[in-house]
Amino acid sequence: MPSSAPTAILLFYCMSQLRQSVLGATSIRFAEKIIKQNCLNSTRPNRFKSNDEFLMKRMPRIIAFASGKGGTGNTTAVANLGTAMAQLGKKVTILDADVAMANLGLMFGLEKEEISLHDVLAGGASIEKATYTGPAGVRIVPSSISLEEVRRAKLEHLKEAVSELVKRTDILLIDSPAGLDSDAITALTLGQELILVVTPDIASLSDALKTKIISEDLGVKPIGIVVNRASDKSMDLPINQIESVLDLRVLSVIPEDPEVGRSISLRQPLVICGPSSPAAQAFIKLAADLLGLRWRVKPKKTGEEKFTLWPFEERKKSR
Ligand code: ADP
Ligand code: MG
């Protein structure tokens, strides 16, 4: 490309190169091979087989959250969206399927609890015993942070655990591990739908694209992108470029917000301990959108820029 090309053209060129490089990458072919060899025939839960009739009869919504690259805020999104959906009146369960690098439980202060998903996967506990009730009634299935526990876990038991969980929930959100190894693929296969959590940078997009393609191979439907940690508009990749590289719609842009770090140290989701912060507001709006609820922004009387989620249902009642 000539050096005098305008930035927008240069960016478009880089993005189309990125897409082409990822689509031809050997890593993705390798992951596809793993799926074909190991997953489609054994660990993939084929929900339409007769032994899965239960799931067909009362199928809740199962959304896997994945990012490709670690550190994009996947776990933060699952913790906050799950809690926000529970606040909006749904029976929600969130599951930490990142068994090797678990931290969903940490966000709710559950790391000291004795029973975790690992005990279920090792065959020693029922999923009910590993489920804890959090703020607004959200149900959380944490994984253990102990390395010893990770060695005991057998991921092939994950499908049975999920089929038990779905009996008692309207919506199950799955925190999937980063990467494309067999743990990540097993977690992806549990979802009906996939939401990609990315940061607005090129490395995050390249990894997310691989995850999206693998998910489609697995029959999991990508429904959209959450762009997290958005900050300086001149540094961030533009939304239309993100949509074009991933060929998927951006559902929400969550801003970089120091309150997220504070919520983690408080061991509470941000939608609970700082509901009016910009990131919490974005999570609440996205939760409402995902549930098909309508909302509007209600300006604060003082004139400050503060938004309040106001589902129309509530507005009708309050009249
Ligand atoms: P992942 O699960 O993708 O590895 P995490 O949810 O653990 O990512 O988040 C990684 C780090 O980014 C954490 O320290 C978290 O506090 C921080 N973080 C996530 N989202 C935001 C945000 N919107 N603003 C500021 N910090 C964030
Ligand atoms: Mg995580």
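Calculation criteria
Residues numbered from 1 in each chain as written. Chains lettered and ligands numbered in written order. Predicted model: local features only at pLDDT ≥ 70, side-chain atom pairs only at ≥ 80, totals over all residues. Helix = DSSP H or I, 4+ residues; strand = E, 2+ residues; numbered from the N terminus. Buried ≥ 20, exposed ≤ 12 C-beta atoms within 10 Å, placed from the backbone. Contact = placed C-beta atoms within 7 Å. Pairing = 2+ DSSP bridges. Right-handed = clockwise from strand over helix to strand, strands pointing away. Axes fitted to C-alpha atoms, helices over the stretch in contact; angles between N-to-C directions. Parallel < 35°, antiparallel > 145°, perpendicular 65-115°, else oblique. Left-handed = near helix turned anticlockwise from the far one by under 90°. Nonpolar A, V, L, I, M, F, W, Y, C, P; charged D, E, K, R; others polar. Core = buried A, V, L, I, M, F, W, Y, C linked by C-beta atoms within 7 Å. Arc of directions from axis to C-beta.

J.: Please give an account of the overall build of the protein that cites residues and values.
T.: Within the protein, the regular secondary structure consists of 14 helices and 8 strands. Taking all 319 residues of the protein together, 43% fall into the buried category. Partitioning the intrachain contacts of the protein with sequence separation of at least 6 by distance along the chain shows that 74% fall at a separation of at least 24.

J.: Please set out unusual backbone geometry residue by residue, giving values where relevant.
T.: For Ala136, which is not glycine, the phi dihedral falls at a positive 65 degrees. A positive phi angle, near 60 degrees, is found at Arg267, a position not held by glycine. Here Arg267 lies in the loop between α11 (258-266) and α12 (270-273).

J.: A description of the pairing of strand β6 (residues 193-198) should follow, citing residues and the corresponding values.
T.: Of all 6 residues making up β6, 5 are buried, and the element is well covered by its neighbours. In this sheet, β6 lies alongside strand β1 (residues 61-66) in parallel orientation, the contact comprising 4 bridges. The residue bridging Phe65 from the neighbouring strand is Ile195, located in β6. Looking at chain direction, β6 and strand β7 (residues 221-230) are connected through 6 bridges and run parallel. The residue bridging Leu194 from the neighbouring strand is Pro222, located in β7. Note that the unit made of β6, helix α9 (residues 202-218) and β7 has a crossover that is right-handed.

J.: Describe the packing of helix α8 (residues 182-189) against α9, listing the residues and the values that go with them.
T.: Think of two packed helices as two axes; the pair is described by the angle between the axes and how far apart they sit. Packing of α8 against α9 brings their axes to within 10 Å, and their N-to-C directions diverge by 55 degrees. With respect to α9, the element α8 is oriented oblique. Note on packing geometry: the crossing formed by α8 with α9 is right-handed. Two secondary-structure elements touch here, α8 through Ile185, Leu188 and Thr189 and α9 through Ile214, Ser215 and Leu218. Considered class by class, the residues forming the contact of α8 with α9 number 4 nonpolar, 2 polar and no charged.

J.: Any chance you could break down the environment of His157 for me, citing the residues and the numbers?
T.: Structurally, the position occupied by His157 is in the loop between α6 (147-152) and α7 (158-165). Sequence separation between His157 and Ala122 is 35 residues, and the spatial gap between their C-alpha atoms is 8.0 Å. Excluding its chain neighbours within four sequence positions, the residues that come into contact with His157 are Val120, Leu121 and Gly123.

J.: Tell me what's going on with the nonpolar core, and back it up with residues and numbers.
T.: Ranked by internal contacts, the top residues of the largest apolar core, which has 80 residues, are Ala64, Phe65, Leu173, Ile174, Leu188 and Phe283. Broken down by element, this core gets its largest block of residues, 8 residues, from helix α13 (residues 278-290).

J.: Break down α8 for me, with residues and values.
T.: The element α8 is largely enclosed, with a buried count of 7 among its 8 residues. For α8, the full list of buried residues reads Asp183, Ala184, Ile185, Thr186, Ala187, Leu188 and Thr189.

J.: Describe the packing of helix α4 (residues 74-87) against α13, and please don't skip the residues or the numbers.
T.: Relative to each other, α4 and α13 sit at 60 degrees, their axes nearing to 9 Å. On the basis of the axis angle, α4 is oblique to α13. Relative to α13, the crossing made by α4 is right-handed. For the pair α4 and α13, the contacting residues are Asn80, Leu81, Ala84 and Met85 in the first and Ala280, Phe283, Ile284, Leu286 and Ala287 in the second.

J.: Give me helix α10 (residues 239-246): which residues, what numbers.
T.: Given 3.6 residues to a turn, an α-helix orients residues that are three or four positions apart in the same direction. Buried within α10 are the following residues: Gln241, Ile242, Val245 and Leu246. Down the axis of α10, the smallest arc covering the buried residues is 120 degrees, so these residues share one side.

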